[in-house]
Amino acid sequence: MQISKDAFKDPVEFAETFFKWKAHEGQKQILRSKAQFLTVAAGRRFGKSESMAVMALFEALRQPGKIIFIIAPTYDQSTVIFESVLRFLGRSPFNKLVNRVKYSPYPLLQFVHESEIHARSSDKPNNLRGRKAHLVILDEAAFVKDSAVYDVIEPMLADYNGRLIKISTPYGKNHFYDSFMKGLEGVRGYESFRFPSWMNPYISREFLELKKLEYGETSLRWRVEYEAEFVDDQNVVFPWNIIEGVVEDYSLPIRPKQGHLYSMGVDVAKYQDFTVIVVMDMTEKPYRMVYFERFNQKSWQYVVNRIETIYKRYQPKGYIDVTGVGDPIFEALKSRGVYLEPFKFTAQTKQELIDNLRAKMEMQEIVVPMLRELIDELRFFEYKMTEGGYMKMEARTGYHDDTVIALALAAYTKPATVATSRIVLPAGKYDWLI
Ligand SMILES: Nc1ncnc2c1ncn2[C@@H]1O[C@H](COP(=O)(O)OP(=O)(O)O)[C@@H](O)[C@H]1O
Ligand SMILES: [Mg+2]
């Protein structure tokens with residue numbers, strides 16, 4: 001293979017020539033930045049992950065012995081870029097330079113010229129400690145905990161005076177916001193960009209219009225997720241520093257365990273929204289979410305069947321919100337031996353329920369997985385007060401809080417009630433479960 005040094009002058013041309021990938025205007029600016037600390041706040045579907053795959057490859061191929069880490073809040077997210085890297089390579093002449101690709105214990109691509117591209121989750125930062133990197137790409141950076149960035153990721157750059165690229169939809173006043181501001185203030189070595197989603201000409205305008213309509217143009221969610229604004233909203237119930245303290249990167253479901261105690265929260269769909277079933281392991285603190293299910297547009301028989309199935313599996317105590325759907329679902333469940341307490345929503349009980357969830361989260365008494373639907377509903381859950389000083393029961397147009405409610409109901413269940421119902425699993429193997 002004869003490739004001249006000139007091929008590596010410009011990452012934009014490089015990607016066009018070898019991967020047949022044309023960066024759009026926003027991506028060109030990112031790829032051509034020379035800043036050591038590059039921070040990009042961009043909307044959903046802007047093309048963040050794809051441009052980072054190009055960036056990783058450009059760096060890895062440009063010179064021998066380059067060590068690149070792609071780090072994201074979850075393992076799954078980090079593999080998204082890793083997969084794009086492999087896809088781009090597969091259609092290029094550089095495929096011949098691959099020495100090996102492995103996935104265990106972590107994704108790693110090694111080239112014959114000794115450059116390496118690693119993919120990692122930021123959730124267990126200890127296994128990154130002591131690694132050296134020329135380039136670290138932090139995808140969905142706003143969702144990576146401050147402690148991981150400051151204690152582990154930044155020190156990785158020390159040996160080679162490496163580069164750190166943070167790219168994300170904006171959120172919270174955390175390390176991501178700090179680097180973003182440094183770029184704006186012109187601190188040496190820092191550069192920042194902000195791009196709304198619609199800068200990506202490759203995604204459909206109809207999709208964006210639909211989302212704008214669904215969330216509302218002035219909604220927190222639209223402005224943060226698609227306009228990529230850093231919004232300082234006083235009305236959110238669960239600020240990022242609270243959510244950050246309770247999320248971990250793990251997969252669901254976790255099967256029922258002999259002798260464990262479980263609680264369950266169910267929010268039943270009314271109109272357009274979702275039915276959500278949450279189960280938590282209450283055996284010891286912190287109480288860990290072990291099961292999550294969310295679906296819509298199903299018959300009520302289906303809803304009853306799913307609740308019954310999960311109930312029989314974990315034998316929990318808990319609550320079901322039957323407000324608005326009336327008694328038929330509740331009665332049907334009872335006749336099948338599903339004894340969940342009905343929870344009646346009023347402005348007052350809703351406030352109590354949400355306050356309890358927030359308090360448990362602040363004290364880190366619960367742990368939840370990094371599920372996008374769950375995290376997003378928590379992040380965008382807003383306070384609106386009634387004149388009486390209670391939380392308003394909002395009309396739920398295009399905005400869902402079913403997941404928050406189901407989680408809150410599971411967390412509302414008192415450990416003392418649960419304690420009477422230690423699970424007794426049938427003898428034998430449990431392969432029939434889940
Ligand atoms: N330069 C490009 N050329 C063609 N398609 C692109 C380009 N950049 C992004 N896309 C497409 O746009 C969509 C969103 O890209 P992605 O990188 O996943 O966005 P993000 O990580 O910002 O959510 C994907 O379908 C991707 O293939
Ligand atoms: Mg992405």
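It should be noted that the structure appears before, not after, this text.
None of these values were measured; they are calculated from a predicted model.

Regarding the site of ligand 1
Taken together, 14 residues surround ligand 1, and among them Lys22, Gln27, Lys48, Ser49 and Glu50 come closest. Contact between ligand 1 and Trp21: a nitrogen atom at 3.5 Å from a side-chain N or O atom of the residue. Residue Lys22 places a main-chain N or O atom 2.8 Å away from a nitrogen atom belonging to ligand 1. In isolation ligand 1 offers 560 Å² of accessible surface; the protein chains occlude 77% of this area. Tallying contributions element by element places helix 3 (residues 48-62) first for the shell around ligand 1, with three residues. In the shell around ligand 1, the residues fall into five nonpolar, five polar and four charged.

Brief notes about the packing of helix 3 against helix 4 (residues 75-90)
Two elements in contact, helix 3 and helix 4, have axes separated by 9 Å at closest approach and are oriented at 60 degrees. The angle between helix 3 and helix 4 falls in the class oblique. At the point where helix 3 passes helix 4, the crossing takes the right-handed sense. Across from Ser49, Glu50, Met52, Ala53, Val54, Ala56 and Leu57 in helix 3, the residues of helix 4 making contact are Gln77, Val80, Ile81, Ser84, Val85, Arg87, Phe88 and Leu89. Looking at the contact of helix 3 with helix 4 residue by residue, the classes come out as 10 nonpolar, three polar and two charged.

Here we look at helix 7 (residues 205-215)
Of the positions making up helix 7, those classed as buried are Leu208, Lys211 and Tyr215. Buried residues of helix 7 fall within an arc of 60 degrees about the axis and therefore sit on the same side. Summarising the geometry of helix 7, the exposed residues directed more than 90 degrees from the buried face are Glu206, Leu210 and Leu213. The inward-facing, buried residues of helix 7 abut helix 8 (220-225).

Remarks on the sheet that holds strand 1 (residues 37-42)
Strand order in the open sheet formed by eight strands is 3-4-5-2-6-7-1-8, with mixed pairing between adjacent strands. Each end of this open sheet is capped by a strand with a single partner; those strands are strand 3 (98-102) and strand 8 (190-195). With direction set aside, neighbouring strand axes in the sheet form an average angle of 10 degrees. With six bridges connecting them, strand 1 and strand 8 associate as parallel partners. When the sheet's bridge partners are listed, Leu38 is paired in strand 8 with Glu191. Where helix 3 meets the sheet, its contacts fall on strand 1, strand 2 (67-72), strand 4 (108-111), strand 5 (116-121), strand 6 (135-139) and strand 7 (163-168), and the angle it forms with strand 7 comes to roughly 165 degrees. Strands strand 1, strand 6, strand 7 and strand 8 of the sheet are contacted by helix 6 (residues 175-185), whose axis makes an angle of about 105 degrees with strand 8.

Overview of the packing of aromatic side chains
Tallied over the full model, the rule gives 31 aromatic pairs. Ring plane angle 90 degrees and centroid distance 5.1 Å describe the contact between Phe295 and Tyr302, whose orientation is recorded as edge-to-face. Owing to a relative accessible area of 9%, Phe295 belongs among the buried residues under this scheme. Under the relative-accessibility criterion, Tyr302 is labelled partly exposed at 32%. For the ring pair Tyr319 and Phe343, a centre distance of 5.9 Å and an interplane angle of 85 degrees mean the geometry is edge-to-face. Of this pair, Tyr319 sits in strand 13 (residues 317-321) while Phe343 sits in strand 14 (residues 341-343), placing them 24 residues apart in sequence. Using a relative accessible area of 17% as the deciding quantity, one classes Tyr319 as buried. With a relative accessible area of 7%, Phe343 lands in the buried category. Members of the aromatic cluster, each reached through a chain of ring pairs, are Phe8, Phe14, Phe18, Phe19, Trp21, Phe58, Phe88 and Phe94. Positioned above the aromatic ring of Tyr177, the side-chain terminus of Lys173 is 4.8 Å from the ring centre. In this structure, Arg294 packs its charged tip against the face of Phe274, placed 3.7 Å from the ring centre.

What about the packing of helix 10 (residues 300-314) against helix 11 (residues 327-335)?
Any two packed helices are characterised by how steeply their axes cross, that is the angle between the axes, and by the distance between the axes. Where helix 10 contacts helix 11, the two axes come as close as 10 Å, and the packing angle between them is 45 degrees. Between helix 10 and helix 11, the crossing angle belongs to the class labelled oblique. Taken as a pair, helix 10 and helix 11 cross one another with a handedness that is right-handed. Along the contact surface, helix 10 presents Trp300, Val303, Val304, Ile307 and Glu308, while helix 11 presents Pro328, Ile329, Ala332 and Leu333.

A closer look at empty space enclosed by the protein
Counting across every chain of the model gives two cavities of 30 Å³ or more. The space that makes up the second largest cavity amounts to roughly 40 Å³. Lining the second largest cavity, in full, are Pro73, Ser122, Asp123, Phe143, Val144, Lys145, Ala148 and Met370. Grouping the constituent residues of the lining of the second largest cavity by class yields five nonpolar, one polar and two charged.

Cut-offs applied
Residues numbered from 1 in each chain as written. Chains lettered and ligands numbered in written order. Predicted model: local features only at pLDDT ≥ 70, side-chain atom pairs only at ≥ 80, totals over all residues. Heavy atoms only, no water. Near = heavy atom within 4 Å. Polar contact = N/O pair within 3.5 Å; in protein donor to acceptor, adjacent residues only side chain to side chain. Areas by Shrake-Rupley, 256 points an atom, 1.4 Å probe, with all protein chains shown as cover. Helix = DSSP H or I, 4+ residues; strand = E, 2+ residues; numbered from the N terminus. Nonpolar A, V, L, I, M, F, W, Y, C, P; charged D, E, K, R; others polar. Axes fitted to C-alpha atoms, helices over the stretch in contact; angles between N-to-C directions. Parallel < 35°, antiparallel > 145°, perpendicular 65-115°, else oblique. Left-handed = near helix turned anticlockwise from the far one by under 90°. Contact = heavy atoms within 4.5 Å. Buried < 20%, exposed > 50% of the residue type's maximum accessible area, 1.4 Å probe, protein only. Arc of directions from axis to C-beta. Pairing = 2+ DSSP bridges. Phe/Tyr/Trp six-rings, centres within 6.5 Å; stacked < 30°, edge-to-face > 60°. Lys NZ or Arg CZ within 6 Å of the ring centre and 35° of its normal. 1 Å grid on protein atoms, 1.4 Å probe; cavity = no way out; pocket = protein on both sides within 12 Å on 5 of 7 lines; lining within 4 Å. Points joined across faces, edges and corners; volume = space filled by probe spheres on them.

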